[in-house]
Amino acid sequence: MFYLVLSITLSVAVSVLLKLARTWRIDLPIVIALNYVTAIAWSLLTLQPEWLPYTLLAKNGFILASLGLLLPGIFLAMAACVRHAGIARSDAAQRISLALPLIAAFTLFGQPASGQALAGIGLALLALYLLSGRAPQHHAPTGTQPSPRTAGLLLFTVWLGYGLIDILFKQMSRTGAAFSSILLACFMLTGIVMALYLLCRRLWTARRHVPTAIRGPHHWQRHALAGLLLGSLNFGNIFFYIRAHQTFRDHPALVFSAMNIGVVALGVLIGAGIFRERLERRHLSGLALTLPAILLLLPR
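First, a word on what this report is: a plain description of the structure on this page. Predicted, not measured: the structure shown is a model, and the values here were computed from it.

Quick look at the pattern of salt bridges
Right, on to step 1. A full pass over the atoms with the stated rule returns one salt bridge.
Right, on to step 2. Here R201 ties to D27 by a salt bridge, and the two come within 2.7 Å at their closest N and O atoms. With R201 in helix α9 (residues 179-207) and D27 in the loop between α1 (2-21) and α2 (28-47), the pair connects residues that are 174 residues apart, well separated along the chain.
Right, on to step 3. Classification of R201 as partly exposed rests on a relative accessible area of 26%.

Written out as structure tokens, the structure is:
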């Protein structure tokens with residue numbers, strides 16, 4: 001469980017950093033790009049991966065290509081979803097995505113559907129539902145609300161994207177000793193995707209004479225610091241998450257469920273303790289169900 005605890009802690013730290021980043025006046029896509037540069041550096045320094053032959057990389061090409069597009073894309077999609085659908089609905093869509101990897105645990109990954117495991121999953125989903133509740137959000141002024149179709153499409157994108165990423169990380173964990181090299185290749189691909197996105201955006205803004213968001217050396221220093229911090233936390237989160245899957249290789253439902261309810265439970269506690277968010281009775285009930293759910297999912 002040590003790897004899971006570390007992954008949950010770092011995942012919540014990423015969320016806290018993104019929450020604080022709104023007050024730092026930074027350009028999120030640039031920070032996301034720098035985050036992957038940092039993740040590449042950490043991969044080279046700590047994992048010291050071997051350069052794999054092209055045939056082995058090609059064999060895992062579907063995982064690489066999918067994660068290369070989904071990892072940066074889901075950051076941008078989540079930011080847009082929060083803007084158009086609100087924090088509460090976006091967070092709920094991300095957490096409900098747990099349904100996809102749980103289905104995959106019993107179909108693609110062959111975990112036996114025992115009564116104990118199903119009871120643990122039921123408690124995990126109930127805890128997740130209770131913990132994800134938020135106070136009603138203030139609506140945008142009349143005339144500035146986004147279309148329901150746009151909000152619905154973004155919510156579906158967040159739900160599908162996070163669910164697929166969980167499944168793909170589980171697939172990556174099954175590559176054994178080669179996973180460090182594949183993880184490095186994945187970060188390199190995501191970095192290239194974000195660089196191309198930033199280039200296209202710069203060409204588009206230059207053509208339309210849109211002023212840039214970054215001005216002066218202090219702004220670049222702020223972006224570099226945020227990218228370094230986000231990349232360090234993000235690398236640790238992904239690395240320990242894959243390690244947890246390797247440790248519990250025959251119990252993917254445990255990792256999927258514990259990760260999701262752990263992140264939400266810790267996020268609720270930090271929100272109440274640091275950001276003074278109100279802790280309601282349903283949140284306390286969800287917290288109380290967290291430990292029994294994980295204990296039921298633990299292998300016997």
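Observations concerning unusual backbone geometry
Right, on to step 1. Phi at Q48 is positive, roughly 45°, even though this residue is not glycine.
Right, on to step 2. Tracing the chain through its elements places Q48 in the loop between α2 and α3 (54-59).
Right, on to step 3. Given the relative accessible area of 61%, Q48 is considered exposed.

Let's talk about the side chain of T190
Right, on to step 1. Structurally, T190 can be placed in helix α9.
Right, on to step 2. A polar contact of 2.7 Å, which involves the side chain of T190, links it to the backbone oxygen of F187.

Some points on helix α11 (residues 252-273)
Right, on to step 1. The terminal C-alpha atoms of α11 lie 31 Å apart, and with 22 residues this matches the ideal 32 Å at 1.5 Å per residue to within 8%.
Right, on to step 2. In terms of residue burial, α11 counts as a mostly covered element, since 16 of its 22 residues are buried.

A few points about a nonpolar patch on the surface
Right, on to step 1. Taken together, the side chains of L189, I192, L196, L199 and L203 make up a nonpolar region of the molecular surface, amounting to roughly 470 Å² of accessible area.
Right, on to step 2. Residue position: L199 is located in helix α9.

A word on helix α6 (residues 99-107)
Helical geometry: 3.6 residues make up each α-helical turn, so side chains three or four residues apart lie on a common side.
Right, on to step 1. Turning to α6, its buried residues number three or more, namely L100, P101, L102, A104 and A105.
Right, on to step 2. For α6, the elements touching its buried residues are α7 (115-131), α8 (148-173) and α11.

Re the packing of aromatic side chains
Aromatic rings in a pair are described by how distant their centres are and how their planes are angled relative to each other.
Right, on to step 1. Under the counting rule described, the total for this entry stands at 10 aromatic pairs.
Right, on to step 2. A ring pair is formed by Y3 and F240, whose centres lie 6.1 Å apart and whose planes are at 20°; its orientation type is stacked. Highlighted residues: Y3 in helix α1 and F240 in helix α10 (residues 217-247), separated in sequence by 237 residues.
Right, on to step 3. Between F169 and Y241, the aromatic rings sit 6.1 Å apart at their centres with planes inclined by 80°, giving edge-to-face as the arrangement. One end of the pair, F169, is in helix α8; the other, Y241, is in helix α10, and 72 residues separate them in sequence. Note on accessibility: F169 and Y241 belong to one class, buried.
Right, on to step 4. Sitting over the ring of F109, K170 keeps its end group 5.8 Å from the ring centre.
Right, on to step 5. Above the face of the Y129 ring, R282 is positioned so that its terminal group lies 4.9 Å from the ring centre.

Rules of the game
Residues numbered from 1 in each chain as written. Predicted model: local features only at pLDDT ≥ 70, side-chain atom pairs only at ≥ 80, totals over all residues. Heavy atoms only, no water. Salt bridge = Lys/Arg side-chain N within 4 Å of Asp/Glu carboxyl O. Helix = DSSP H or I, 4+ residues; strand = E, 2+ residues; numbered from the N terminus. Buried < 20%, exposed > 50% of the residue type's maximum accessible area, 1.4 Å probe, protein only. Polar contact = N/O pair within 3.5 Å; in protein donor to acceptor, adjacent residues only side chain to side chain. Expected span 1.5 Å × (residues − 1). Patch = residues over 30% accessible without salt bridge, like charges linked within 9 Å, V, L, I, M, F, W, Y side chains within 5 Å. Areas by Shrake-Rupley, 256 points an atom, 1.4 Å probe, with all protein chains shown as cover. Contact = heavy atoms within 4.5 Å. Phe/Tyr/Trp six-rings, centres within 6.5 Å; stacked < 30°, edge-to-face > 60°. Lys NZ or Arg CZ within 6 Å of the ring centre and 35° of its normal.

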